[in-house]
Amino acid sequence: MTTRKLGLAVAQMGPVHLSDSRGAVVRRLVAMLREAKARGAEMVVFPELALTTFFPRYWMEEAEAQARFFEAQMPNADVQPLFDAARELGVGFYLGYAELAEDGRPYNTAVLVNQRGDIAGKYRKIHLPGHVEHKPEAPFQHLEKKYFDVGDLGFRVFESDAVKYGMCLCNDRRWPETYRVMALQSAEVVMLGYNTPSLNIHWNEPVHLRTTTHLVSLQANAYQNGIWVAAAAKCGSEDGHHMIGSSVIVAPTGEIVARTLTEEDEVICVSADLTLGEHFRQHVFNFAKHRRPEHYRLIVDRVGAGDPLP
Ligand code: CDT
């Protein structure tokens, strides 16, 4: 089998504080896009909600959140320099941001931008974690269910610059259905950004488990679907609220090929052989040969767990 190589980069971000302007953030993104290109990247993955602080940690009215943290257009004047740089360099990117759609609905969104600087795909986050109500007793809020609607675009796969890309966002990466739906559309690379608080406000989870469960989800799903997974954190302490780093690129073998060392802006880049996944998809995970969907009905028939079947 002849190899097909993709220069695949993850551009992790250090914190974005409440006082940071969109312009300053976009300058950081452009600098990392240039570094990634210089290191051989053809596709660069940026984090979830990359343009602002992780604002779902703050309680406010929806209207205030939308005015301060959402984008009604993409690209817009603040973000245009990133799209211009992509076109100039001939490099694509994935970018997460808060989207105020034309119909006024709010989504946690990611776009795929091709090497000509055009939007080639869009994903709106489906698995929204957290809560709607104010929890004044908690050290911070996790209000994604308050500020965002559940995504309405499904898990689609987009062919862009001869590569089949899937996209998801943060909490989606913990759900096997996310990857399998995209692998069934022959995705070769799944890209995602995340903001994962180090503290769990719901139960006393040991801090190290936040990184363990992040990595095990990415590695297991890369292997079980024969896909590359590229995951970009926004991390470090945003106005005193710490989030995990450990951005990674995972091969279809389930192995971590590159991992960030810092909790700052940091680029990792690999030459990803897209045919590597074929070995798994033609043998142990040959879906057409070995899947038995007649025995998987409960996955779509039930949402929550119930009694054993009679
Ligand atoms: N942004 C986001 O989705 N964060 C969640 C935190 C929930 S705690 C399991 C995540 O899954 O990382």
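Look a little higher up for the structure.
Each value, and the rule that gives it
Residues numbered from 1 in each chain as written. Predicted model: local features only at pLDDT ≥ 70, side-chain atom pairs only at ≥ 80, totals over all residues. Heavy atoms only, no water. Axes fitted to C-alpha atoms, helices over the stretch in contact; angles between N-to-C directions. Helix = DSSP H or I, 4+ residues; strand = E, 2+ residues; numbered from the N terminus. Parallel < 35°, antiparallel > 145°, perpendicular 65-115°, else oblique. Left-handed = near helix turned anticlockwise from the far one by under 90°. Contact = heavy atoms within 4.5 Å. Nonpolar A, V, L, I, M, F, W, Y, C, P; charged D, E, K, R; others polar. Salt bridge = Lys/Arg side-chain N within 4 Å of Asp/Glu carboxyl O. Buried < 20%, exposed > 50% of the residue type's maximum accessible area, 1.4 Å probe, protein only. Expected span 1.5 Å × (residues − 1). Arc of directions from axis to C-beta. Pairing = 2+ DSSP bridges. Near = heavy atom within 4 Å. Polar contact = N/O pair within 3.5 Å; in protein donor to acceptor, adjacent residues only side chain to side chain. Areas by Shrake-Rupley, 256 points an atom, 1.4 Å probe, with all protein chains shown as cover. Core = buried A, V, L, I, M, F, W, Y, C linked by side-chain atoms within 4.5 Å.

**Student:** Explain the packing of helix α5 (residues 176–183) against helix α6 (residues 207–225) here, please?
**Tutor:** In helix packing, the relevant descriptors are the interaxial angle and the interaxial distance, both defined with respect to the helix axes. As a packed pair, α5 and α6 sit with axes 10 Å apart at the nearest point and diverge in direction by 30°. Overall, the two elements α5 and α6 adopt an arrangement that is roughly parallel. As for how α5 packs across α6, the hand of that crossing is right-handed. Touching P176, Y179, R180 and A183 of α5 are S217, L218, N221, Q224 and N225, all from α6. Of the residues that constitute the contact of α5 with α6, the class distribution is four nonpolar, four polar and one charged.

**Student:** Help me understand unusual backbone geometry, please; the structure alone is not making it clear to me.
**Tutor:** For the peptide bond that leads from M74 to P75, omega is -5°, which places it in the cis range. Of note in this structure, D161 is not a glycine but carries a positive phi near 50°. If you check the backbone angles, A162 has positive phi at about 70° while not being a glycine. One can find A162 in the loop between β6 (157–160) and β7 (163–169).

**Student:** Just checking my understanding: could you explain the pattern of salt bridges for this structure?
**Tutor:** Oppositely charged side chains may form a pair once their charged atoms are brought near each other. One pass over the structure, following the stated rule, counts 21 salt bridges. Residue R124 pairs with E99 through a salt bridge whose shortest N-O separation is 2.9 Å. Of this pair, R124 sits in strand β5 (residues 119–124) while E99 is found in strand β3 (residues 92–100), placing the two residues 25 residues apart along the sequence. The buried category is assigned to E99, whose relative accessible area is 5%. The salt bridge involving D152 is made with R124; its shortest N-O contact spans 2.9 Å. Here D152 is found in the loop between α4 (144–147) and β6, whereas its partner R124 is found in strand β5, with 28 residues between them in sequence. Its relative accessible area of 10% is what places R124 among the buried residues.

**Student:** How do you make sense of helix α1 (residues 22–38) when you look at a structure like this?
**Tutor:** Helical periodicity: at 3.6 residues per turn, an α-helix aligns residues three or four positions apart in one direction. With 17 residues, α1 ought to run about 24 Å at 1.5 Å a step, and its terminal C-alpha atoms sit 24 Å apart, in line with that. Taken together, the buried positions of α1 are R22, V25, V26, L29, V30, M32, L33 and A36. For α1, the angular spread of buried residues about the axis comes to 165°, placing them on one side. Opposite the packed face of α1, turned more than 90 degrees from it, sit the exposed residues R27 and A38. G40 occupies a position one or two residues after α1 and carries a positive phi of about 100°.

**Student:** For this particular structure, what's the right way to read the pairing of β5?
**Tutor:** On any regular strand, side chains alternate: one points to one face of the sheet, the next to the other face. Here strand β4 (residues 106–113) pairs with β5 via five bridges, running antiparallel. For A110, the partnering residue across the bridge sits in β5 and is Y123. Between the antiparallel neighbours β4 and β5 lie five residues, among them G117 with a positive phi of about 80°.

**Student:** Looking at this structure, how should I read the site of the ligand?
**Tutor:** What surrounds the ligand is a group of 13 residues, the closest being K125, C170, N171, R174 and T196. Between E144 and the ligand, the recorded distance is 3.0 Å, taken from a side-chain N or O atom to a nitrogen atom. N171 places a side-chain nitrogen or oxygen 2.8 Å from an oxygen atom of the ligand. Bound to the protein, the ligand loses 87% of the 350 Å² it would expose on its own. Among the residues forming the shell around the ligand, the class breakdown is three nonpolar, four polar and six charged.

**Student:** What is the right way to look at the nonpolar core in this model?
**Tutor:** The tendency in soluble globular proteins is for nonpolar side chains to be buried side by side. Membership of the largest hydrophobic core comes to 47 residues, with the highest contact counts inside it found for L8, V189, M191, L192 and W228. In terms of residue count, the dominant contributor to this core is strand β9 (residues 228–233) (six residues). With sequence-adjacent residues up to four places away left out, M191 is seen in contact with M43, V45, Y94, L112, Y165, G166, M167, C168 and A230. Judged by nonpolar contacts, the second largest core, of 30 residues, contains V30, A36, A50 and V111.

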